[in-house]
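Chain by chain, the residues:
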Amino acid sequence: MAARMTRRAFCGALAGTAGLAALPLRAAGPQTLTARVATAQIAPPHYAATEVWSYDNTLPGPTLRVPQGGRVVRRLINDLPVPTSIHWHGIRIENAMDGVAGLTQEAVPPGGTFDYDFTVPDAGTYWYHAHTNSFEQVARGLSGALIVEEAEAPEVDRDAVLVLDDWLLTPEDAQFMEPFGHPMSLSHGGRFGNLLGTNGTFDFARDVNANARLRLRLINASNARIFVLQLAGLDGWTVALDGMPLPAPEPVAAELILAPAQRIDLIVDVTAQDGDTAALLRLDDDDQWRPQARFPVHGKASATRRDPPSALPPNPHMTVSGIDSARRLELAMEGGAMGRMSGAMMHGRSMGFREMAQQGQFWALAGQVGMTDTPFAQLDRGETVRVKLTNDTAFPHAMHLHGMHFRQVTEDGSLGPMRDTILSYPNAPLEIAFVADNPGQWLFHCHMLGHAASGMTTWINVS
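Note that the coordinates shown come from a computational prediction; the quantities given were computed from them, not determined experimentally.

**Quick word on the overall build of the chain**
The number of helices and strands found in the chain is four helices and 32 strands. Here the chain has a C-alpha radius of gyration of 21 Å; the compact-globule value for 463 residues is 23 Å, and the two agree. The principal-axis extents of the C-alpha atoms in the chain amount to approximately 70 × 55 × 50 Å. Taken across its 463 residues, the chain has 57% of its residues classed as buried. As presented, the chain carries roughly 18,600 Å² of accessible surface, and 51% of it is formed by carbon and sulfur atoms. In the chain, the 35 positive side-chain charges and the 49 negative ones have mean positions that sit 1 Å from each other.

Structure below.
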């Protein structure tokens, strides 16, 4: 069963002809992505437009769609005044295309380009975002959805991508509040916006018909916000998490928890009647439910409700075998405000917390602050690994592993759903397991992006 927590817990290959089998289809859309300064009307219209950093002048960036087994071919053109790169989040990709500046590639300088070219083995909902100074560049708008379509998609009336985000804007002119790396946000829960929205606007709405069946692809693109969500006038099922299909659709009977970088695929039926409004609701900081996305209802798609959907087809290599004999590792998260960490290793020497903070670093993973010359773990290709994650801080952390998906090992030894990002709560140890089947240097970090920028980043090497 897919794990869910209430707010009480802590608010196959592409089908084709034999002659074309060696020539996977490319993603639809432009063959370049240009990162540049643009403007977007994020706030209500009586405010000025906000200066953002965007891909191809849109917020979020263009939704890229490609069939499973196809190729994504994009030239990044950097028209920003700073270096940048693109990470293709959740895609089990070859290491050279992972987009992590300083680990898998050099950052693309202003005026420069970089060619990304890779195949997509897994169907599902993924996304792409900047991976150079991510805590600022993603907050300014550099992200977009990457949808890998199944050969046989479920029958729905609409397939909707909903990119959930928040923006920290100045009330006077609706521009981004600076600095992005404020010590308060770095050392506490992260950078939280004062305006929340979907697909780049505060008041997202789409008309639907009563009894319509929708596929809602939810993506949390925020820097640090954990979205607590609920359906209203909609009834449905969770069919995939982080792009990976569940063995069977699970009815949505309670709140949905969506941590930064996580995705949830829902198939929902519109139960609201003609003239009413269905909605995806969020729980706000004042404990009130408010619309995150509205669906005004007009007319009917059919006279009756349909049968429950079938499971999505599984992706390849979803089995994590060898659990009992797996190598066991431990990764402790430490630091931050109200933490008990006295110090950690930084720049090759032991450093006290006060000295770390003076250098803008507040967090540690396994006793290390930030990236090191040697990996957290040196793994052999194909071996199974179990990692115990211990959160010794006062804050939750969304831990993301690049290049591979993992499953949570529950207390009874069973395995949870396959994911690439897992939410870790304070004083609640959890364990993940994965097969190290993708060679290369892979980042493992907190996706509360300010935490990653201020120490909570490490890497593994698979050889």
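**Some words on the packing of aromatic side chains**
For the coordinates displayed, the defined rule picks out eight aromatic pairs. Aromatic pair W363 and F395: ring centres 6.2 Å apart, planes at 75 degrees, arrangement edge-to-face. Linking W363 in strand β23 (residues 363–365) with F395 in the loop between β25 (384–391) and β26 (397–401), this pair joins segments that are 32 residues apart in sequence. For F395, a relative accessible area of 11% puts it in the buried group. Through successive ring pairs, a cluster of aromatic residues spans Y55, W88, F114, Y116, F118 and Y128. Note that R140 overlies the ring of W53, its terminal NZ or CZ placed 4.6 Å from the centroid.

**Some details on the confidence of the model for the chain**
Of the residues in the chain, 94% reach a pLDDT of 70 or more, and the chain-wide mean stands at 93. A low-confidence stretch, residues 1–23 (pLDDT under 50), is modelled with 32 contacts involving residues beyond four sequence positions or located in other chains.

**Notes on the sheet that holds strand β28 (residues 415–419)**
One open sheet holds the six strands; their spatial order is β23-β20-β25-β30-β27-β28, and the pairing between them is mixed. Edge positions in the sheet fall to β23 and β28, since each has one partner strand and no second. Taken pair by pair, the neighbouring strands of this sheet meet at an average axis angle of 25 degrees, ignoring direction. Alignment of β25 against strand β30 (residues 430–435), held across six bridges, turns out to be antiparallel. Pairing of R386 across the sheet is with A433, part of β30.

**Side note on the pairing of strand β22 (residues 349–352)**
Note that strand β21 (residues 343–346) and β22 share four bridges and pair antiparallel. Of the residues in β22, the one forming a bridge with G343 is G352.

**Focus on the side chain of R140**
Within the secondary structure, R140 sits in the loop between α1 (134–137) and β8 (143–149). Among the polar contacts made by the side chain of R140, one reaches the side chain of E178 at a distance of 3.4 Å.

**Considering the sheet that holds strand β9 (residues 158–167)**
A sheet is described by the order of its strands in space; here six strands give the open sequence β10-β9-β12-β17-β14-β15, paired in mixed fashion. Two strands lie at the open edges of the sheet, namely β10 (195–198) and β15 (244–251), each paired on one side alone. For this sheet the average axis-to-axis angle between neighbouring strands, irrespective of direction, equals 25 degrees. Inspection of the sheet shows β9 paired to strand β12 (residues 213–220) by seven bridges, in the parallel sense. Within β12, the residue paired with L164 across the bridge is N220.

**Digging into the environment of S325**
Mapping S325 onto the fold places it in the loop between β19 (289–300) and β20 (327–335). Distance in space between the C-alpha atoms of S325 and G416 is 18 Å, their sequence separation being 91 residues.

**Examining the pattern of salt bridges**
Across all of its chains, the model carries 28 salt bridges by this definition. Measuring nitrogen to oxygen at the nearest pair gives 3.0 Å for the salt bridge that ties E150 to R215. Here the residue E150 occupies a position in the loop between β8 and β9, and R215 occupies one in strand β12, the gap between them amounting to 65 residues. The class for E150 is buried, based on a relative accessible area of 9%. R215 gets classed as buried once you look at its relative accessible area, which sits at 1%.

Reading the values: rules and limits
Residues numbered from 1 in each chain as written. Predicted model: local features only at pLDDT ≥ 70, side-chain atom pairs only at ≥ 80, totals over all residues. Heavy atoms only, no water. Helix = DSSP H or I, 4+ residues; strand = E, 2+ residues; numbered from the N terminus. Rg over C-alpha atoms; globule rule 2.2 N^0.38 Å. Buried < 20%, exposed > 50% of the residue type's maximum accessible area, 1.4 Å probe, protein only. Areas by Shrake-Rupley, 256 points an atom, 1.4 Å probe, with all protein chains shown as cover. Lys, Arg positive; Asp, Glu negative; His and termini not counted. Charge placed at Lys NZ, Arg CZ, Asp CG, Glu CD. Phe/Tyr/Trp six-rings, centres within 6.5 Å; stacked < 30°, edge-to-face > 60°. Lys NZ or Arg CZ within 6 Å of the ring centre and 35° of its normal. pLDDT = per-residue confidence, 0-100. Contact = heavy atoms within 4.5 Å. Pairing = 2+ DSSP bridges. Axes fitted to C-alpha atoms, helices over the stretch in contact; angles between N-to-C directions. Polar contact = N/O pair within 3.5 Å; in protein donor to acceptor, adjacent residues only side chain to side chain. Salt bridge = Lys/Arg side-chain N within 4 Å of Asp/Glu carboxyl O.

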